Amino acid sequence: MILDIMDSSESSEDNTTSLTPLSESDPSSSSGDSLQRLEDLGRTVWSQISQSDQFTEKYGRDLENPGTVHCYLFTRLPRDDTLAFEAFANVQTASIMKEELVYHSIFERLIERYTKSRAKPNPVLMETRSTEFCYRLTVLVEAVPQQRWVLRPELRLLREYAILRHIWETFRLELVANASPADLLVGIPMPFEFVNVSGFPEYEFVNHNSVWHRGIHGEEINMTKLEVPGTTERVSSSLSYLSLEKLGPNLQYLLELLRSQRSIMSLSSALKILDQLLCRLMVLHKYGVILGNLDVKFLHFGVREASKVLYISRYDCAMVAPTQHRSAGPYSDRCACLSAIRRREVHFVHDIESAFYVFLSLIFPILPWDDARTTLDSSSSNSRTTGTTPGSSRATWMDEKANFWSSNSWFQRMLRHVNSEYTDNVYRGFTADLLSMLYAKTQEILVQGESIPQADYMSSLMTPASPANNAYSNLRRIIALYFQFESVSTISRDPVCSKKLELLLAEDHQDRRVLWNLNDWCWNPFYPAYVSKTRTKTVSMKITSH
C-alpha cells in the first residue's frame, strides 16, 4: 500500500473539523503527533475498505505503479469520523489523452448512464467536465466505531449518496425522454458508487432494532430494514465509502488566499458567483432538493477545464420534498437560514436566504452576527468541559440575524465598505442602489415564498413569470444590471432595472459598467506564480507496505 499525506490546502473537501473526534489524544500534543495519528488511521481505514469486493480492480493503481494501491489522504477531515482521500481509477486501456481512457466497467456504465454516450472522448464530459474526469476521484470514508455510533446513530455519508443519486437518477429519466439538456447538472458532483463495508467487528451493528435512520424525505427508517439506495443490499455496519467526482479548492480557500494578499473579493466576482449559485439552486429545487446547509466551505470550483464552474459539494443535510419531518441539520450557523435554525422548518426559499448570506460573506469580512457567533463558539467549547449550555448566546446570534431583516440599517452601514470597481460618486451610488435592490428582493422572496406549499413551488418553478420562477430570475436580473453585455434578451429585461439603468446613463453617456466576458466569468485572475508559492504542497510522507 502506498499512502501519501496531502496538506489540506490541496483538498477538495472543507477543512474545518479537527482530529479530536477520531482520536483520544492529548490536545496539547504536537502537530507532528497528530499527523502521525491521522496517517496511522488513514492506513488502517484504507486497508479495511480495500478488502471490499473488487476494490483493487477499481481503485488505487496508477500508470506508473500498476501493482500498488496508491492514494492521498488529506490532513483535515470533511466532518467528524469521515476521512477524505484522493484516489485514481484503474485504467483498463492506456491512452495518451485522459479523456479517452477506459476504466472499470462500473465507471463506464455510470458515465454512459448519465450522458447517453459510449464515445471516447465523451462529448458531454468534454463540454461540462474536466479531461481528468474519473481519472482522479475523491473517496470519502465514514468510519464510526460502534461505541460512538450508538451515542449519535447517524449515517451521513449514506444520506449524502442517497440525495446525489436522487438528483442524477431524476435527471437521467428526463435525459432519456429528451426532456432535459445534457449539461443541466453542471456544478453537481457525479457519485460513482457507495459501498457499505462489512466484516470488521468494531463497526458491525449490534442491537440496533430500535435505531432509526432519517431518509431523504425526513422519514424514519428502521436500521434493520435500511438498504443501499438502488440495491437490495442491507446496511450492516458504520463503515462505508463513497467515491465521487474530484473537485478543486473551495470558496473558503479562495477567501483565505485573498486575505493573505491583504485583499478582498471584488463585487463583480462575488455577483458572478452568486449568479452561478442561484443557477445551481434552481436545478436542485426543480428536483425537490432543499440543501438546508450552504456555506463557503461547501462551494468548490472544478478542476482544470472546469476550474470556473461552481460546485455544491455538501448534501448530508439536504432533504427532498415533500418533507415529512423537520430539517436534518446540523448547520453551518454563519450562513444558515434563520427559520431553519429557529423553527426547524424546511423550504426552498431558505436556500435562497443562505445564498444571500454566502454572497455577503464574499464581500464583507465580518457579518453583523459574527460577534454573537464567536461568543456561541466559546460557550460551546466551554460546555464540553464545564457542562454549561450556550442557549443564551445562540438566542443572541439568532436575534442579530432577525434584526438584519427587520431593519435595513445594518445593511446600509455595510454598504459603506463595499469593494466595488468604481470610485466616482455616480457609479458608487448606482452600486449601493443595486445591492439595496438585492437585499429588498431577497426579503420579499422570503416573505412571499414561505407561504407557497412545497408541491406547488416545485410544480411551478420552471413556469416563466410564476412566483417560484421569479424568485431566481428577478435576483439574476438585478445581478445582470451591474454588467455590460453584448446583447440582452427581452426575457432578461426588468422594468425597474431598465429604469435604474436609464437614470445612470442619463448622468454618464459612456457606459462604464463592468464587462461580463462569458468566457471568463467566475473569479478574479490571480498570478500563477504567487498561487504556487502560497499553496502548501504534498507532505513528503510516503509509506509502502506489502
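The name that an unreviewed UniProt entry assigns to the protein is Protein kinase domain-containing protein, with the source organism given as Macrostomum lignano.

A. Spatial organisation of helix α17 (residues 495-507). Compared with an ideal rise of 1.5 Å per residue, which puts 13 residues at 18 Å, α17 spans 19 Å between its outermost C-alpha atoms and is within 8% of the ideal. Taken together, the buried positions of α17 are occupied by C497, L501 and L504. Down the axis of α17, the buried side of the element spans an arc of 60°, and every buried residue falls inside it. What points out from α17, more than 90 degrees from its buried face, is the exposed set P495, V496, E502, A506 and E507. Residues of α17 that are buried in the fold lie against α14 (425-449) and α16 (467-480).

B. Highlighting the nonpolar core. Counting residues in hydrophobic clusters, the biggest one holds 154 residues, and the most contacted among them are F359, L360, F404, L438 and Y457. Of the residues that make up this core, three or more belong to each of domain 1 (37-245) and domain 2 (249-374 + 401-516). Residues contacting F359, with those up to four places away along its chain left out, are L267, A270, L271, L274, L435 and L438. Counting five residues, the second largest nonpolar core, distinct from the first, contains V186, A306, V309 and Y311.

C. Examining the pairing of strand β7 (residues 191-196) more closely. In terms of residue burial, β7 counts as a mostly covered element, since six of its six residues are buried. With five bridges joining them, β7 and strand β10 (residues 239-245) adopt antiparallel strand pairing. For E193, the partnering residue across the bridge sits in β10 and is S243.

D. Inspection of the packing of helix α8 (residues 267-286) against α16 at higher detail. As a packed pair, α8 and α16 sit with axes 10 Å apart at the nearest point and diverge in direction by 165°. When the axis of α8 is compared with that of α16, the two are roughly antiparallel. For the element pair α8 and α16, the recorded crossing hand is left-handed. Judged by residue contacts, L271, L274, D275, L278, C279, L281, M282 and H285 of α8 engage N469, Y472, L475, R476 and I479 from α16. Broken down by class, the residue content of the contact of α8 with α16 amounts to nine nonpolar, two polar and two charged.

E. Quick peek at the environment of W516. Looking at the secondary structure, you find W516 in the loop between β16 (514-515) and α18 (528-534). What makes W516 buried here is its relative accessible area of 10%. The spacing of W516 and S268 is 248 residues in sequence and 8.9 Å in space, taken between C-alpha atoms.

What counts, and where the lines are drawn
Residues numbered from 1 in each chain as written. Predicted model: local features only at pLDDT ≥ 70, side-chain atom pairs only at ≥ 80, totals over all residues. Heavy atoms only, no water. Helix = DSSP H or I, 4+ residues; strand = E, 2+ residues; numbered from the N terminus. Expected span 1.5 Å × (residues − 1). Buried < 20%, exposed > 50% of the residue type's maximum accessible area, 1.4 Å probe, protein only. Arc of directions from axis to C-beta. Contact = heavy atoms within 4.5 Å. Core = buried A, V, L, I, M, F, W, Y, C linked by side-chain atoms within 4.5 Å. Domains from an automatic or database assignment. Pairing = 2+ DSSP bridges. Axes fitted to C-alpha atoms, helices over the stretch in contact; angles between N-to-C directions. Parallel < 35°, antiparallel > 145°, perpendicular 65-115°, else oblique. Left-handed = near helix turned anticlockwise from the far one by under 90°. Nonpolar A, V, L, I, M, F, W, Y, C, P; charged D, E, K, R; others polar.

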